[in-house]
Structure formats: structure tokens, C-alpha cells
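Chain residues, written in single-letter form:
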Amino acid sequence: MSPPVVLIIGCGIAGPVLGNFFKRKGYHPIVFEKVPELGDAGASLMLMSNGLKVLNLVGLADALKTESTPLQEFWDASQSGKVLGRSDLPSTFNDRYYQPAVGVRRTTVSIKLKQMLLDMDVDVREGWELIDIQENEDSVTAFFDGGRSVTGSFLVGCDGIKAVSRRILLRNQGISEGPPTYTGLTQTAGISETPEALRQTSAMRNWYGDGVHVISYPVGPNHTSWAVTQRETKEKEETWRPYRPDEIPEQRQQLSSLLKGWDPAILQMVNSSERIIKFGLFDREELKPEQWYSRRCVLVGDAAHPTSPHLGQGANQAMEDCFHLSHSMPFLVPGSGQYEENLQILGKNLSQEIFRPFAEKRQPRTSLLVKGARTQGDKRVASGVEACRQRDSDIATAYTDPAAMLARFDSLLPEPFQTL
Ligand SMILES: Cc1cc2nc3c(=O)[nH]c(=O)nc-3n(C[C@H](O)[C@H](O)[C@H](O)COP(=O)(O)OP(=O)(O)OC[C@H]3O[C@@H](n4cnc5c(N)ncnc54)[C@H](O)[C@@H]3O)c2cc1C
């Protein structure tokens, strides 16, 4: 008997990780991706211990860690570089949570995830854009552009913040959802050779100004990823994109005048970046757990809980989702005593036996983090003298209480499982 087909929509972070897990559990995953060719994928990601633990299960954590330099320090400063606080807490993550935190180029992650699927003989279909879903008693059909369709046992929506899978699930529940919510902030990002002044320690650095925030972290032994966050209306939304090489000098100039008087290391990075990308930051209102799934479909990652990036947890939470969902799916080993019994679980009770507990487990944690990221973004980009003074004072105070800092990470990074 051929294994049940799992339709995985999206080959970003969650899609390929689930493709790996499902294949290893005896299913036949097919990963559909709308872009014609995966590869170039924006700037960078901070992978934290929780996400890296999941990437370790799919065999990629070591490869990603060798591309970069694990984080040793948090370092926060005023715009001119006057230190508000520093902590070597990240240097303890590997011992405390079994994996460090490490910044990586997003393109590297994307290429490695796709290669991992190909090496496992997982069917990856690039250039397949989901447009509709039809659910039956014990199967589901996904419809793609170009008049194509594929039927499987169940479907996992991993299609990100603008997920079509989510729109269809909500539509079928009588809910019409608009586009993602603009948080009022943009980010302009690049990757540059690490300036001499930032080379001593592998640190996540934050600089705070009036209405502007800059973050940087290493994504390799010699390279640093940086991003400038600022408050902006959507007036110039059409300019939010990767800039062409001929537009880079003007972008550098704009950023240099925005950041005049800031720490020279930032200006050095801005002026040496080969690529510059600008994007708006979006999130969405939380869904109730019962809105995460239907009879034959379930949402994971940004499709279920899209977040702004200020806590650096979106991808890490997507990976936690993958772990929990696949962990709750039965193994399907042909010839084993439980094969038939386990197949039954994929029958008409799939949503109640698997999807519902998954959503109920994951929704509260991810909702809190989405709200926390939004608050953190607002705070980072405080405007006005008094608000900035208060923010800087709060940041400096937080560094004087290492136990509270540690408690924050203790609530976040031991997940999704607490062993090596
Ligand atoms: C600026 C920025 C910085 C961030 N930094 C971090 C960070 O440091 N750490 C962190 O943990 N998170 C970070 N995040 C969040 C992180 O990027 C997301 O949470 C994560 O990528 C979600 O993974 P996903 O697999 O759910 O969705 P995605 O990675 O968005 O993947 C979705 C995939 O689905 C495809 N797709 C979309 N629609 C369709 C369709 N109709 N049919 C087929 N395929 C489709 C897309 O092309 C894409 O490949 C950041 C986000 C932003 C915007």
C-alpha cells in the first residue's frame, strides 16, 4: 500500500522541515512552492537554541553553525555607541539549552533546506502556486495556478504571512480576512563586511535613537547583517523591495543622512553593503486555536501566527510547530503491527485527534510572542525626548538584573524538547 500523500504548501522554513519529518515517519510529502526557483531569500535570520534544536533533528544545525559564529554577547547602546548594557548570557546558551544562537544568511538556509529535501528524494515542486483547496471526508485536493491539482490525505499550510491556505480555511469558516496588519515600521537591511570595531566579540548589537533603531549580528566569520527600523507611513510602499545595484548609492546616501552622528561602525556597514533591501513590517491578529485547522488541513508557522521580527522568534516558532505537529503524527511503517491502526488515525478523526491538540498547544505561546514582538518594536523605535529617555533607562535597568534576563530565556529556549 502506498504511503499517504501529505500536501505541504510553501517551502520557506516550516515546509521543508515538515517535509523531512513526514518522510522519515513513513508518509509521502510533496512540497509545493510558488516561486519558480528557490534560492535568493532576503537578508538574515537569528536562529535561537529552540529553532536550532529542531534543525539539528533534520541534520542541518551543524552545517549552519559552521557557516557563522555563535552569539557570545548582547550589547545595547545609544545611537552614538554609548553602552547602555552588555551581557555574555548568549555564550551560555549552548550549555543551558543544548544549542547556541547563531545568525545566518537567509539564502543559505533556503538552499540548504531545499537540498536536504532533494537528498531525501522528497518531491519539491517549484513554480506551483496554491489557489484553492477542496476538502472531502478523508482526502483533500489542492488547486494550483495553471489548472493543476493534486489530491492527498491532508494538507499543511506553510505558506507564510499572506497564506492562501489560511484565507481559504477562514473563508470556509465564514470569515473574510484582509491583508496583514502594517505595524507602522519599516526595515532597511543589508549584509556587510564586519567593521573592525565590531570584530572582537560575536554580539547582537542594538543602537537606539529617536524614532530609529539599528540591529546587527554576525552571519559569518567576516560578515554582519544589519537592519535599520524606522517609523513610516505606507505612502511609499512601492519602494519597499530589494534595490537594484544602480539604486544602492542613493539608498546609502539616504541612510547616511538618517544616521548622521550615529556610531561610525553603522555608517561603515551601510556604506559598504553590496545589497540593500527595504520592507514593511507586518503581523496579524491572533487566530483562535479552532481556526488553525479544518477537517483535512492545518496551518503552521507564519500562516498560523505571523509576527513582526522584533523578538527574532518567527522562524524559531515555525520550527517548534513542525516538531510538535510531526511528533503527534503516527509512524507509518509498512509491515509493522500498528500500521493499519495508525492509518486509522488519519481517517475522519484526524482533525480532532491530531490538529486540535496541536493548535491548542501552540496557539497560546505563539500569540504571546506575536504581541510581545509588536510591543518590543514600538518600544525600540520610541519617538520624542522623554519616551527615548525612558526607553534607554529601562534597557539599562534590565541589564542590572541578570536573573530576570535569564528567566526570560529560560521561558523561551528550552522548548520544544529538553534533551540533547
Ligand atoms: C525582516 C524580518 C526579519 C526576521 N528575522 C527573524 C529572525 O531573526 N529569527 C526568526 O526566528 N524569525 C525572523 N523573522 C520571521 C521569519 O522570517 C518567519 O517567521 C518565518 O520565515 C516563517 O516561516 P514559514 O515557513 O512559516 O513562512 P515563510 O518562511 O514565509 O515561507 C512561506 C513560503 O510559502 C511560499 N508561498 C506563499 N504563498 C504560496 C502559495 N500560494 N503557494 C505555494 N507557496 C506559497 C512562499 O514563497 C515561501 O517560500 C523575520 C521576519 C522578517 C520580515
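Residues numbered from 1 in each chain as written. Predicted model: local features only at pLDDT ≥ 70, side-chain atom pairs only at ≥ 80, totals over all residues. Heavy atoms only, no water.

**Q** Just to check I follow, could you spell out the overall build of the protein for this structure?
**A** When its secondary structure is counted, the protein shows 13 helices and 17 strands. Here the protein has a C-alpha radius of gyration of 22 Å; the compact-globule value for 420 residues is 22 Å, and the two agree. Across the protein, every contact between residues at least 6 apart in sequence was considered, and the portion connecting residues at least 24 apart equals 76%. Within the structure as shown, the protein displays about 18,400 Å² of accessible surface, and the carbon and sulfur contribution to it stands at 50%. Within the protein, one finds 46 positive and 51 negative side-chain charges whose respective centroids are separated by 2 Å. (Helix = DSSP H or I, 4+ residues; strand = E, 2+ residues; numbered from the N terminus. Rg over C-alpha atoms; globule rule 2.2 N^0.38 Å. Contact = heavy atoms within 4.5 Å. Areas by Shrake-Rupley, 256 points an atom, 1.4 Å probe, with all protein chains shown as cover. Lys, Arg positive; Asp, Glu negative; His and termini not counted. Charge placed at Lys NZ, Arg CZ, Asp CG, Glu CD.)

**Q** I'm lost on the environment of Ala407 in this one. Help?
**A** Position of Ala407 relative to the elements: it lies in helix α13 (residues 402–410). Judged by relative accessible area, which is 43%, Ala407 ranks as partly exposed. For the pair Ala407 and Gly312, spaced 95 residues apart in the sequence, the C-alpha separation amounts to 17 Å. (Buried < 20%, exposed > 50% of the residue type's maximum accessible area, 1.4 Å probe, protein only.)

**Q** Is there a simple way to think about the pairing of strand β9 (residues 140–144) in this case?
**A** Successive side chains on a regular strand alternate, one facing one side of the sheet and the next facing the other. Of all five residues in β9, four are buried, a share of seventy percent or more. Bridging between strand β8 (residues 130–135) and β9 involves five bridges; their strand directions are antiparallel. Looking at the pairing, Ile133 lines up with Ala142 of β9. Counting the residues that bridge the hairpin from β8 to β9 gives four residues. Relative to strand β10 (residues 148–152), β9 is paired through five bridges, and the arrangement is antiparallel. By the bridge assignment for β10, Phe143 is matched with Ser149. Count of turn residues in the β9/β10 antiparallel hairpin: three residues, of which Gly146 carries a positive phi of about 80 degrees. (Pairing = 2+ DSSP bridges.)

**Q** Before we go on, may I ask you to explain the pattern of salt bridges in this structure?
**A** One pass over the structure, following the stated rule, counts 28 salt bridges. One salt bridge in this structure joins Glu237 and Lys234, with 3.9 Å as the shortest N-O distance. For Lys234, a relative accessible area of 38% translates into the label partly exposed. A single salt-bridge network, built from bridges that share partners, covers Arg241, Arg244, Asp246 and Glu247. (Salt bridge = Lys/Arg side-chain N within 4 Å of Asp/Glu carboxyl O.)

**Q** What am I meant to see in the site of the ligand here?
**A** With respect to spatial proximity, 31 residues lie near the ligand, and among them Ala14, Glu33, Met46, Arg106 and Asp302 are the closest. One of the backbone nitrogen or oxygen atoms of Ile13 is found 3.0 Å away from an oxygen atom of the ligand. At a separation of 3.1 Å, a nitrogen atom of the ligand approaches a polar backbone atom of Lys34. Taken by itself the ligand offers 1,000 Å² of open surface, and the protein chains cover 85% of this. A per-element tally of the shell around the ligand places helix α9 (residues 314–328) first, with three residues. (Near = heavy atom within 4 Å. Polar contact = N/O pair within 3.5 Å; in protein donor to acceptor, adjacent residues only side chain to side chain.)

**Q** Quick question: what am I supposed to make of the pairing of strand β1 (residues 5–9) here?
**A** Burial analysis of β1 places five of its five residues in the buried class, the great majority of the element. With burial as the criterion, each face of β1 is covered, one bearing Val5, Leu7 and Ile9 and the other bearing Val6 and Ile8. Both β1 and strand β2 (residues 28–33) contribute to a ladder of five bridges, which runs parallel. Each residue of the ladder has a partner; that of Ile9, found in β2, is Phe32. Running through helix α1 (residues 14–24), the crossover from β1 to the neighbouring parallel element β2 is right-handed. Here four bridges tie β1 to strand β11 (residues 154–157), and the two strands are oriented parallel to one another. If you follow Ile9 over to β11, its bridge partner there is Gly157. (Right-handed = clockwise from strand over helix to strand, strands pointing away.)

Keep in mind these values describe shape, not function.
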